[in-house]
Amino acid sequence: MRAEKRRSVVKDGGTATAAVSISPAEYPVLLKEVYKHADMSKPRNLVGMAKDLPVADMEKLLLADIRVNDDAMRELAVQRGVVVKDYLATKDLPPERLFLGAAKAVPPEAKWTPRAELELASK
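Here the structure is a predicted model, which is why all the values come from computation and not from measurement.

Conventions and cut-offs
- Residues numbered from 1 in each chain as written.
- Predicted model: local features only at pLDDT ≥ 70, side-chain atom pairs only at ≥ 80, totals over all residues.
- Heavy atoms only, no water.
- Helix = DSSP H or I, 4+ residues; strand = E, 2+ residues; numbered from the N terminus.
- Buried < 20%, exposed > 50% of the residue type's maximum accessible area, 1.4 Å probe, protein only.
- Contact = heavy atoms within 4.5 Å.
- Areas by Shrake-Rupley, 256 points an atom, 1.4 Å probe, with all protein chains shown as cover.
- Axes fitted to C-alpha atoms, helices over the stretch in contact; angles between N-to-C directions.
- Parallel < 35°, antiparallel > 145°, perpendicular 65-115°, else oblique.
- Left-handed = near helix turned anticlockwise from the far one by under 90°.
- Nonpolar A, V, L, I, M, F, W, Y, C, P; charged D, E, K, R; others polar.
- Core = buried A, V, L, I, M, F, W, Y, C linked by side-chain atoms within 4.5 Å.
- pLDDT = per-residue confidence, 0-100.
- Arc of directions from axis to C-beta.
- Salt bridge = Lys/Arg side-chain N within 4 Å of Asp/Glu carboxyl O.

Draft legend 1. The arrangement of the overall build of the chain in detail. Counting its regular elements, the chain contains four helices and zero strands. Of the regular secondary structure in the chain, the N- to C-terminal order runs α-α-α-α. Across the 123 residues of the chain, 11% fall into the buried class. Here the analysis covers contacts within the chain between residues at least 6 apart in sequence; of these, 46% occur between residues at least 24 apart. As displayed, the chain offers around 10600 Å² of accessible surface, 58% of which is attributable to carbon and sulfur atoms.

Draft legend 2. Local environment of the packing of helix 2 (residues 27-37) against helix 3 (residues 55-64). Their axes nearest at 10 Å, the elements helix 2 and helix 3 cross at an angle of 40 degrees. Relative to helix 3, helix 2 is oriented oblique. Note that helix 2 runs across helix 3; the crossing there is left-handed. The segment helix 2 lies against helix 3, with Y27, P28, L31, K32, V34 and Y35 engaging V55, M58, E59, L61 and L62. Across the contact of helix 2 with helix 3, the residue classes tally to nine nonpolar, no polar and two charged.

Draft legend 3. Focus on the environment of Q79. Within the element layout of this structure, Q79 appears in helix 4 (residues 70-90). Using a relative accessible area of 43% as the deciding quantity, one classes Q79 as partly exposed. Spatially, the C-alpha atom of Q79 lies 10.0 Å from that of A103, the residues being 24 residues apart in sequence.

Draft legend 4. Inspection of the nonpolar core at higher detail. Judged by nonpolar contacts, L31, Y35, A38, M40, M58 and L62 together constitute the single largest core of six residues. Going through the elements one at a time, helix 2 and helix 3 are the ones with two or more residues in this core.

Draft legend 5. Representation of unusual backbone geometry in the model. One non-glycine residue, D92, adopts positive backbone phi at about 60 degrees. Along the chain, D92 falls in the segment after helix 4. Residue classification places D92 among the exposed residues on the basis of a relative accessible area of 73%.

Draft legend 6. Region of the structure containing the confidence of the model for the chain. Model confidence for the chain is summarised by a mean pLDDT of 81, while 87% of its residues fall at 70 or above. Within the chain, the element-level pLDDT minimum falls on helix 1 (residues 2-11), averaging 83, and the maximum on helix 3, averaging 89.

Draft legend 7. Quick peek at helix 2. Residues of helix 2 that are buried: L30, L31 and Y35. Across the axial projection of helix 2, the buried residues extend over an arc of 140 degrees, all falling on one side. Opposite the packed face of helix 2, turned more than 90 degrees from it, sit the exposed residues V29, K36 and H37. On its buried face, helix 2 sits against helix 1 and helix 3.

Draft legend 8. Region of the structure containing the pattern of salt bridges. Tallying each qualifying case throughout the model produces six salt bridges. R7 is the partner of E4 in a salt bridge, and the nearest nitrogen-oxygen pair spans 2.5 Å. Of the two residues, E4 and R7 are both situated in helix 1; the distance of three residues between them amounts to about one turn of the helix.

In C-alpha cells, the structure reads:
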C-alpha cells in the first residue's frame, strides 16, 4: 500500500524519499490499485474481466496469496528473540546469563497456529 502511495506521489511530482502515511479515505483506493497490480488469480465476471470486490474480499484474497519462505520466518524469529532478550536485559538480569538459541523452522502441521516458544533454563 505504501509503495502504491509512493508511486502516486512520485507521479504527481513529489519525492520518493518522503514519509508516507495512508489516510482512511485513501485506503480503499490504494487497496484497489494493489489488488489490480497483484499477480494472482482473481474472480472474473462473465466477460472475463476481474470483478470489482469489496475491501474485505480484496484484503482476504491478497493476504491468502502472500508467500513466506523459511528464511523470512527464521529472521522474524531471531528479531523477536532479540526483542525479548533486550527486554529482559532492562529488568536488571545479568547480560552474561542472556543468550539467543538458534531459530528453528518446523514443518507446518494440519492445525498450525502462530506461536512462539520461549525456553528458560537455569545453570
